[in-house]
Amino acid sequence: GAVVSQHPSRVICKSGTSVKIECRSLDFQATTMFWYRQFPKQSLMLMATSNEGSKATYEQGVEKDKFLINHASLTLSTLTVTSAHPEDSSFYICSARDPLRSGEAFFGQGTRLTVV
Amino acid sequence: AQSVTQLDSQVPVFEEAPVELRCNYSSSVSVYLFWYVQYPNQGLQLLLKYLSGSTLVKGINGFEAEFNKSQTSFHLRKPSVHISDTAEYFCAVTNYGGSQGNLIFGKGTKLSVKP
């Protein structure tokens, strides 16, 4: 099946620093990618929709200036958590849908962010 | 707007027993339905999906689900579970095809298989 690679899988950073998470579609071109956040023992909540070549669409309540999304190419989207704080600690997951495989979303492995 | 309700947050079951994980959805338009499995500290893996056609969908690892439009349900079943099936299971819905459209997830059901 299609592969979506997310990097890094784990990151620990100091409060106040920024962290970049990469999401790559390895064998297909994804015009749209999605970023989700998952709190412990909870479901995935959509943060934003990343559109290649244009601005991301953020869900209500998600701070655009804090969670910067860039979709510079058809195979790469990045999520940058700026000025991270301990409450930003969470599991972040990206997904991409292959236009040639109607309806199926492929997920990255997820990134466990811990802000200390 | 769509929503997904997974009625059971936790389902304990003994090995080799059958299991059903329940999922109901609401939507004013036609939907596509999915079940994903998540192992600890990992991403999501697709178990099966319903896009159209036969309402009984078979997936990987021996799982199957039946789409019931009148009851707006998409319950996941397996006739005999293994210890390795212990994981979190998410039901999801979207009303878009192709490459567009995000998934709306249920809150998840934690399946615990005991020896």
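In this report, we go over the structure that sits alongside the text. On a predicted model such as this, the values are computed, not experimentally measured, just so you know.

### Let's talk about the nonpolar core
Inference 1: Within the largest apolar cluster, 28 residues are counted, with the highest numbers of intra-cluster contacts made by Leu33, Trp35, Leu47, Leu48, Phe74, Leu76 and Tyr89 of chain B.
Inference 2: At four residues, strand β10 (residues 87-94) of chain B tops the list of elements feeding residues into this core.
Inference 3: Val11, Val19, Val62 and Tyr92 of chain A belong to the second largest nonpolar core, which has 26 residues in total.

### Topic: the pairing of strand β1 (residues 4-7) of chain A
Regular strands show a simple pattern: their side chains alternate between the two faces of the sheet.
All names here are of chain A.
Inference 1: Across the two faces of β1 the burial differs, with Val4 and Gln6 buried and Ser5 and His7 not buried at all.
Inference 2: Where β1 lies against strand β3 (residues 19-25), four bridges are found, and the strand directions are antiparallel. When the bridges of β3 are listed, His7 appears paired with Glu22.

### Looking at the layout of surface pockets
Inference 1: Space inside the largest pocket adds up to approximately 490 Å³.
Inference 2: Tallied by class, residues from the lining of the largest pocket come to seven nonpolar, nine polar and five charged.
Inference 3: Counted as a void, the second largest pocket has a volume near 300 Å³.
Inference 4: Forming the walls of the second largest pocket are 16 residues, and the residues nearest its centre are Leu44, Met45 and Leu46 of chain A together with Ile104 and Phe105 of chain B.
Inference 5: Of all elements in the fold, only β5 (44-51) of chain A together with β1 (3-5) and β11 (104-105) of chain B reach the threshold of two or more residues within the lining of the second largest pocket.
Inference 6: The greatest single-element share of the lining of the second largest pocket, amounting to three residues, is contributed by β5 of chain A.
Inference 7: Of the residues that constitute the lining of the second largest pocket, the class distribution is eight nonpolar, six polar and two charged.

Calculation rules
- Residues numbered from 1 in each chain as written.
- Chains lettered and ligands numbered in written order.
- Predicted model: local features only at pLDDT ≥ 70, side-chain atom pairs only at ≥ 80, totals over all residues.
- Heavy atoms only, no water.
- Core = buried A, V, L, I, M, F, W, Y, C linked by side-chain atoms within 4.5 Å.
- Buried < 20%, exposed > 50% of the residue type's maximum accessible area, 1.4 Å probe, protein only.
- Helix = DSSP H or I, 4+ residues; strand = E, 2+ residues; numbered from the N terminus.
- Pairing = 2+ DSSP bridges.
- 1 Å grid on protein atoms, 1.4 Å probe; cavity = no way out; pocket = protein on both sides within 12 Å on 5 of 7 lines; lining within 4 Å.
- Points joined across faces, edges and corners; volume = space filled by probe spheres on them.
- Nonpolar A, V, L, I, M, F, W, Y, C, P; charged D, E, K, R; others polar.

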